[in-house]
Amino acid sequence: MLVGLAAKNAILIVEFAKGELEKGPPSRRRRVGGGKACFRPVLMTSFAFIFGLLPLWFASGAGAVSRRILGTAVITGMVTATGIAIFIIPMLFVLVERASQWRKPHGQGVLQGPAQSGGSGGRVPAAPYKPE
């Protein structure tokens, strides 16, 4: 459950950043607004999960030790995953995007050549289908 929630937070951040990237060159206002828009849902989800686990952390009675250990492990994991999602994932996204842009030659991304100009692109057109 912890891994799923951490992955969901990371996917939310990357999807939002990818959508903003497709809108055009990033401006400072869009970057700050995007950071605020993603920051809030990630924190709300994480804190709701952590507050839901507090009864495990403060358990008493029979089996309390195992519940406290489980609560400590999951709460610590969620706090760590939230920190990674907030600080590390956006930096990794920027690094990967820059690396992918650096490796592309200029002008790539738009099809050029016979396939774009209406030519067959070296392929022979298929015969039309004739039902029997």
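This text goes with the structure placed above it.
Calculation notes
Residues numbered from 1 in each chain as written. Predicted model: local features only at pLDDT ≥ 70, side-chain atom pairs only at ≥ 80, totals over all residues. Heavy atoms only, no water. Helix = DSSP H or I, 4+ residues; strand = E, 2+ residues; numbered from the N terminus. Buried < 20%, exposed > 50% of the residue type's maximum accessible area, 1.4 Å probe, protein only. Contact = heavy atoms within 4.5 Å. Areas by Shrake-Rupley, 256 points an atom, 1.4 Å probe, with all protein chains shown as cover. Expected span 1.5 Å × (residues − 1). Bend = angle between axes of the 7 residues up to and from the residue. Salt bridge = Lys/Arg side-chain N within 4 Å of Asp/Glu carboxyl O. Phe/Tyr/Trp six-rings, centres within 6.5 Å; stacked < 30°, edge-to-face > 60°.

Caption draft 1: Quick look at the overall build of the protein. Helices and strands together make up the secondary structure of the protein, namely four helices and zero strands. In sequence order, the protein lays out its α and β elements as α-α-α-α. Counting over 132 residues, the protein shows a buried share of 20%. For the protein, long-range pairs separated by at least 24 residues make up 66% of all intrachain contacts whose partners lie at least 6 apart in sequence. In the structure as shown, the protein presents an accessible area of about 10300 Å², 67% of it carried by carbon and sulfur atoms.

Caption draft 2: Quick peek at helix H3 (residues 64-103). The terminal C-alpha atoms of H3, which comprises 40 residues, lie 55 Å apart, in line with the 58 Å expected from a rise of 1.5 Å per residue. Along its length, H3 reaches its greatest deviation from straightness, about 40°, at Ala85. Every buried residue of H3 is listed here: Ala64, Gly71, Val74, Ile75, Gly77, Met78, Ala81, Thr82, Ala85, Ile89, Phe93 and Glu97.

Caption draft 3: Broad picture of the pattern of salt bridges. Using the criterion set out here, one finds one salt bridge in the structure. A salt bridge links Lys18 to Glu97; its shortest N-O distance comes to 3.4 Å. Of the two residues, Lys18 is situated in helix H1 (residues 2-22) and Glu97 in helix H3; the sequence distance between them amounts to 79 residues.

Caption draft 4: Looking closely at the environment of Ala59. Looking at where Ala59 falls in the secondary structure, it is placed in the loop between helix H2 (28-57) and H3. Once the C-alpha coordinates of Ala59 and Gly71 are considered, the two residues, 12 residues apart in sequence, prove to be 9.0 Å apart. The contact partners of Ala59, leaving out residues within four places of it in the chain, are Ala64, Arg67 and Arg68.

Caption draft 5: Looking closely at the packing of aromatic side chains. Scanning the model with the defined rule gives two aromatic pairs in all. Summarising the aromatic geometry, the rings of Phe47 and Phe51 are spaced 6.1 Å apart at their centres and angled 20° between planes, so their arrangement reads as stacked. With Phe47 and Phe51 both in helix H2, this residue pair falls four residues apart, about one helical turn. Of the residues examined, Phe51 reaches a relative accessible area of 55% and is grouped as exposed. Taking 5.7 Å as the distance between ring centres and 40° as the angle between the ring planes, the aromatic pair formed by Trp57 and Phe58 counts as tilted.

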